[in-house]
Amino acid sequence: MGIAEFFQHLMNGLTLGGIYALIALGYTMVYGILKFINFAHGDILMVGAYIGLFVFDGLRGSAPIGTWTVIAFFIAMLVSMASCGLLGMAIERIAYRPLRKATRLAPLLSAIGVSFILSNSAAWMFGTQSRKFNYPFDNTPIDIHGVVITPHQILILVVSVVMMIALKLFIDKSRMGKAMRATSLDQDTAMLMGINVDQVIGLTFAIGSALAATGGILIALDYKVYPTMGTMTGLKAFVAAVVGGIGNISGAMFGGILLGLLETFGVAVFGIPSGLKDTIAFGVLIIILLVKPEGLFGKAEKEKV
């Protein structure tokens, strides 16, 4: 493999991994606080893609590619993030909060039910025909010494890095971020210390859902928007969260990037058929569960009996 080819695959893997990381953060944040998997997360990604598509098309109208289309795209992304943030809070309030004291199986089943409701509602409202999310900019590839990079890839990397850094700073430095960390350690003690646990959990769902919406829009630019688009992507982002150490913010970021690189190099270098690309993620998941069940960045918890 030549140097140019290596960096080409590296660039492709990083862009794919950046999307996985954004979506994986939602899984890991919810698990870190509530200790359950929100399997409706991938469908929130789908809703975000539809909202972004409709808002962008409405704002753009018949305008040609230019400054306005780029502005319209980022407005659509912000509207999608806000809408999915509210949707995430509503789902938590209606489907998960009443089951907070129930067995762990109950909220899991509720999450699966919400997933089916969202995907089937989208199919009923918008049809099963896929829709194209048009580029808001000229996506002509740029050749840099044999490495071909598209403006879309640059957009993914910039948006992913900015959002991951912003989230990390928010969790580590802000007052609400400290409240989220305290709640993840012990909800009862956090309540005794004056923390509004319900508010913290609602904000956690809002942030995770907003990140999923962003990932959905970034994916939709290369692929089409359809009701089941979040199923496989959501599952692979969940794998990324588990690989990195679910409940760990840095682990989710690393797991997403790692999974994107493994998929890209697995197909390009090791000759894995593209039709079997999805199996790479689940193969990695099995290996991690066998070797280090807590994930690469996770810590094994000792249960007192």
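Preceding this paragraph is the structure being described.
Residues numbered from 1 in each chain as written. Predicted model: local features only at pLDDT ≥ 70, side-chain atom pairs only at ≥ 80, totals over all residues. Heavy atoms only, no water.

### Observations regarding the overall build of the protein chain
- Scanning the protein chain for helices and strands turns up eleven helices and four strands.
- The C-alpha radius of gyration computed for the protein chain amounts to 19 Å, which stays within 12% of the reference 19 Å derived for 305 residues, consistent with globular compactness.
- Excluding contacts between residues fewer than 6 apart, the proportion of contacts in the protein chain whose partners are at least 24 apart in sequence is 76%.
- Total accessible area on the protein chain is roughly 15000 Å²; 68% of this is exposed by carbon and sulfur atoms. (Helix = DSSP H or I, 4+ residues; strand = E, 2+ residues; numbered from the N terminus. Rg over C-alpha atoms; globule rule 2.2 N^0.38 Å. Contact = heavy atoms within 4.5 Å. Areas by Shrake-Rupley, 256 points an atom, 1.4 Å probe, with all protein chains shown as cover.)

### Structural notes on the packing of helix 1 (residues 3-34) against helix 10 (residues 249-268)
- Where helix 1 contacts helix 10, the axes come no closer than 6 Å and their chain directions differ by 145°. Our pair here, helix 1 against helix 10, has a crossing hand that is right-handed. (Axes fitted to C-alpha atoms, helices over the stretch in contact; angles between N-to-C directions. Left-handed = near helix turned anticlockwise from the far one by under 90°.)

### Details of unusual backbone geometry
- Phi angles above zero are rare outside glycine, and Lys35 is one such case at about 60°.
- Here Lys35 is to be found in the loop between helix 1 and helix 2 (41-60).
- Backbone geometry places His145, a non-glycine residue, at a positive phi of 55°.
- Structurally, His145 is set in the loop between strand 2 (142-144) and strand 3 (147-149).

### A look at a nonpolar patch on the surface
- Taken together, the side chains of Leu59, Trp68, Ile71, Ile75 and Val79 make up a nonpolar region of the molecular surface, amounting to roughly 380 Å² of accessible area.
- Top element by residues in the nonpolar patch is helix 3 (residues 67-96). It accounts for four residues.
- Looking at the secondary structure, you find Val79 in helix 3. (Patch = residues over 30% accessible without salt bridge, like charges linked within 9 Å, V, L, I, M, F, W, Y side chains within 5 Å. Salt bridge = Lys/Arg side-chain N within 4 Å of Asp/Glu carboxyl O.)

### Some words on the pattern of salt bridges
- Here the structure, examined in full by the defined rule, presents six salt bridges.
- Here the residues in one salt-bridge network are Glu92, Arg97, Arg100 and Asp198, joined through shared partners.

### Quick notes on a positive patch on the surface
- The grouping of Lys173, Arg175, Lys178 and Arg181 at the surface amounts to a positive patch.
- The element contributing the most residues to the positive patch is helix 6 (residues 175-185), with three residues.
- By the element assignment, Lys178 lies in helix 6. (Lys, Arg positive; Asp, Glu negative; His and termini not counted. Charge placed at Lys NZ, Arg CZ, Asp CG, Glu CD.)

### Focus: the side chain of Thr204
- Relative to the helices and strands, Thr204 is located in helix 8 (residues 197-222).
- Owing to a relative accessible area of 2%, Thr204 belongs among the buried residues under this scheme.
- Engagement of the side chain of Thr204 in a polar contact is seen with the backbone oxygen of Val200, the distance being 2.8 Å.
- With near-sequence residues (within four places) excluded, Thr204 lies in contact with Met29, Val30, Ile33 and Met180. (Buried < 20%, exposed > 50% of the residue type's maximum accessible area, 1.4 Å probe, protein only. Polar contact = N/O pair within 3.5 Å; in protein donor to acceptor, adjacent residues only side chain to side chain.)

### Overview of the packing of aromatic side chains
- According to the stated counting rule, one finds 15 aromatic pairs in the structure shown.
- On the numbers, 5.4 Å between centres and 75° between planes, the contact of Phe73 with Phe74 is edge-to-face.
- You can call Phe74 partly exposed: its relative accessible area is 35%.
- Here a set of aromatic residues connected by ring pairs shows up, and it is made of Phe56, Phe73, Phe74 and Phe133. (Phe/Tyr/Trp six-rings, centres within 6.5 Å; stacked < 30°, edge-to-face > 60°.)

In short, geometric facts, not functional conclusions.
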